[in-house]
Amino acid sequence: MPTPGERSVRTTPEGLLWEPCERWVRGVKGDVTVVDSRHPVLVWEPEGVPVPGYAFPREEVRTDLLRPAGNPPTGTHTGSRIFYDLEVDGERAENAAWTFPAADLAGHIAFEWFLRRSNGLDHWYEEEEEIFGHPRDPHHRVDALRSSRHVQVEIDGTVVADTRRPVLLFETGLPTRYYIPAEDVRLDLFEATEHTSLCPYKGNARYWSLSREADVPRNIVWSYPQPLPAVGAIEGHLAFYNEAADLVVDGERLERPVTPFSESLRK
């Protein structure tokens, strides 16, 4: 029997990592349940965004709704060659599903999910809870802790936030995010944007940009108006990309981290 904490992730010759999952997972397109699986498999691909996807036993997928892809992509999903279009109620979603070229995953079908809502399914559920953005990684942890640290945020030489009651959010693989009460942020210097994002661990975020000209990216500030219960402490708080803003914590100026978000912030 594996010892507590021992990972059960397996590796294929193609470089895929995969792990059986005991969650009941369903995927819906319109009013049609396309996937209803009690034996899903989490799959991590060696390239691209380091989050898992799901693959499902073929018998737990509505394969009658899948059609051979009319325009299959090349060089995606770790060399996958078999792609499917999904047809539901007369609407066709191109390349919505595929099979991985790995013997371990033979008989499984994967579906688009992360950042590809246009050709993926509309809703995904783990048990009775809707999941956004991408499947939750069982080896990924997110903790939101109330603190009394003194946190200041500077942008282009201006102090835009100053608090002694932040919530520190510790998330596997990312720098600490400092969530600051809205009352301690100079919101008069920012304007709300239409940008949003989805996180399976935190919820649906809204964003703000600096309202004056400055050498900083747009959407540098975000907040979760209705965070998921596990991180409820960040409700009413705002966070800044410390990849692009300067943070001073208890008098110590932090170095700007390099993260998967750094490149997109430079665009």
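Cut-offs applied
Within any chain, residue numbers begin from 1 and follow the written order of that chain's sequence. In keeping with the model being predicted, local features are shown solely for residues with a pLDDT of at least 70 and side-chain atom pairs are shown and tallied solely at 80 or more, while totals for entire chains, interfaces and linings include all residues. Side-chain descriptors were evaluated using all non-hydrogen atoms of the structure, hydrogens and water having been removed beforehand. Only DSSP runs of H or I covering at least 4 residues are called helices, and only runs of E covering at least 2 are called strands; the numbering of each starts at the N terminus. When accessible area is computed with a 1.4 Å probe and restricted to protein chains, residues below 20% of their type maximum are described as buried, those above 50% as exposed, and intermediate ones as partly exposed. By the convention used here, residues are in contact when the closest approach between their heavy atoms is within 4.5 Å. pLDDT measures how confident the predictor is about each residue, on a scale from 0 to 100. Stacked, edge-to-face and tilted are the three classes for Phe, Tyr and Trp ring pairs, Trp counted by its six-membered ring, which pair at centre distances within 6.5 Å; planes under 30 degrees apart are stacked, over 60 edge-to-face, the rest tilted. In this analysis the charged atom, NZ for Lys or CZ for Arg, is taken to sit over a ring once it is within 6 Å of the ring centre and within 35 degrees of the ring normal. Here, strands pair whenever DSSP counts at least two bridges between them. Lines fitted to C-alpha atoms define the axes, with helix axes restricted to the stretch in contact, and inter-axis angles between N-to-C directions lie between 0 and 180 degrees. In the sections that follow, a salt bridge refers to a side-chain nitrogen of Lys or Arg positioned within 4 Å of a carboxyl oxygen of Asp or Glu. As used in this structure description, the phrase polar contact means that two N or O atoms lie within 3.5 Å; if the pair is within protein, one of them must be able to donate a hydrogen and the other to accept it, and residues adjacent in sequence are counted only when both atoms belong to side chains.

Participant: Sorry, what's going on with the overall build of the protein here?
Facilitator: Of regular secondary structure, the protein possesses 1 helix and 23 strands. With the principal axes as the frame, the protein shows a C-alpha extent of 60 × 50 × 35 Å. Across the 267 residues in the protein, those meeting the buried criterion constitute 48%. The contacts in the protein between residues at least 6 apart in sequence include a share of 50% that link residues at least 24 apart.

Participant: How do you make sense of the confidence of the model for the protein when you look at a structure like this?
Facilitator: Caution applies to low-pLDDT regions: their predicted coordinates should not be interpreted in detail. Averaged over all residues, the pLDDT of the protein is 91; the fraction at 70 or higher stands at 94%. Confidence drops under a pLDDT of 50 for residues 1-6, and excluding neighbours within four residues, the segment shows 0 contacts in the predicted structure.

Participant: What am I meant to see in the packing of aromatic side chains here?
Facilitator: How two aromatic rings sit relative to each other is set out by the distance from centre to centre and by the angle between their planes. In this structure the tally under the stated criterion is 13 aromatic pairs. On the numbers, 5.7 Å between centres and 10° between planes, the contact of Phe56 with Trp124 is stacked. Linking Phe56 in strand S6 (residues 53-57) with Trp124 in strand S11 (residues 123-126), this pair joins segments that are 68 residues apart in sequence. Like Phe56, the residue Trp124 is buried in the burial classification. With a centroid separation of 5.9 Å and an interplanar angle of 65°, the aromatic rings of Phe190 and Phe240 are classed as edge-to-face. Of the two residues, Phe190 sits in strand S18 (residues 190-199) while Phe240 sits in strand S21 (residues 237-240), which places them 50 residues apart along the sequence. Judged by relative accessible area, which is 2%, Phe240 ranks as buried. Three or more aromatic residues joined by ring pairs make a cluster, and in this case those are Tyr54, Phe56, Phe111, Trp113 and Trp124. The ring of Trp24 is capped by Arg38, whose NZ or CZ atom sits 4.3 Å from the centre of that ring.

Participant: What exactly am I supposed to notice about the sheet that holds strand S12 (residues 129-131) here?
Facilitator: Strand pairing in a sheet takes place through backbone hydrogen bonds and is either antiparallel or parallel in direction. Taken in spatial order, the 4 strands line up as S4-S3-S11-S12 in an open sheet, and their pairing is antiparallel. In this open sheet, the two edge strands, each paired with only one partner strand, are strand S4 (32-37) and S12. Between one strand and the next, the sheet's axes are offset by a mean angle of 30°, whatever the strand orientation.

Participant: Just checking my understanding: could you explain the pattern of salt bridges for this structure?
Facilitator: Side chains that differ in charge, positive against negative, can pair when their charged atoms come close. If you walk through the whole model with that rule in mind, you get 17 salt bridges. Here Glu128 and Arg26 are joined by a salt bridge, their closest N and O atoms 3.5 Å apart. Residue Glu128 is found in the loop between S11 and S12, and its partner Arg26 is found in strand S3 (residues 25-29); the two are separated by 102 residues along the sequence. In this structure, the salt-bridge partner of Glu129 is Arg136, at a minimum N-O distance of 2.7 Å. Sharing partners across several salt bridges, the network here consists of Asp85, Glu87 and Arg92.

Participant: Can you walk me through the environment of Phe83 in this structure?
Facilitator: By the secondary structure assignment, Phe83 is in strand S8 (residues 82-88). For Phe83, a relative accessible area of 4% puts it in the buried group. Phe83 has contacts with Arg67, Pro68, Ala69, Pro72, Pro73, Thr76, His77, Asn95, Ala97 and Trp98, leaving out every residue within four places of it along the chain.

Participant: Would you mind showing me how to read the sheet that holds strand S23 (residues 252-253) here?
Facilitator: Taken in spatial order, the 4 strands make up an open sheet running S15-S14-S22-S23, and their pairing is antiparallel. Looking at the sheet topology across the chains shown, the edges are occupied by strand S15 (158-163) and S23. The pairing of strand S14 (residues 151-155) with S15 spans 5 bridges and is antiparallel. What sits directly across from Val153, in S15, is Ala161.

Participant: Looking at this structure, how should I read unusual backbone geometry?
Facilitator: Outside of glycine, negative phi angles account for most residues, and trans bonds account for most peptide bonds. With a phi close to 50°, Asn95 is a non-glycine residue in the positive phi region. When you line up the elements, Asn95 lands in strand S9 (residues 91-99). On the basis of relative accessibility, which here comes to 12%, the residue Asn95 falls in the buried class. The residue Asp250 is not glycine, and still its phi comes out positive at about 50°. On the secondary structure map, Asp250 appears in the loop between strand S22 (246-249) and S23. Classification of Asp250 by relative accessible area gives partly exposed; the value is 48%.

Participant: Looking at this model, I keep getting lost on the side chain of His237. Mind explaining?
Facilitator: Looking at the secondary structure, you find His237 in strand S21. Among the polar contacts listed, one links the side chain of His237 to the backbone oxygen of Glu235, at a separation of 2.8 Å. If near-sequence neighbours (up to four positions away) are discounted, His237 is found in contact with Arg165, Val167, Tyr179, Ile180, Pro181, Ala182, Trp222, Ser223 and Tyr224.

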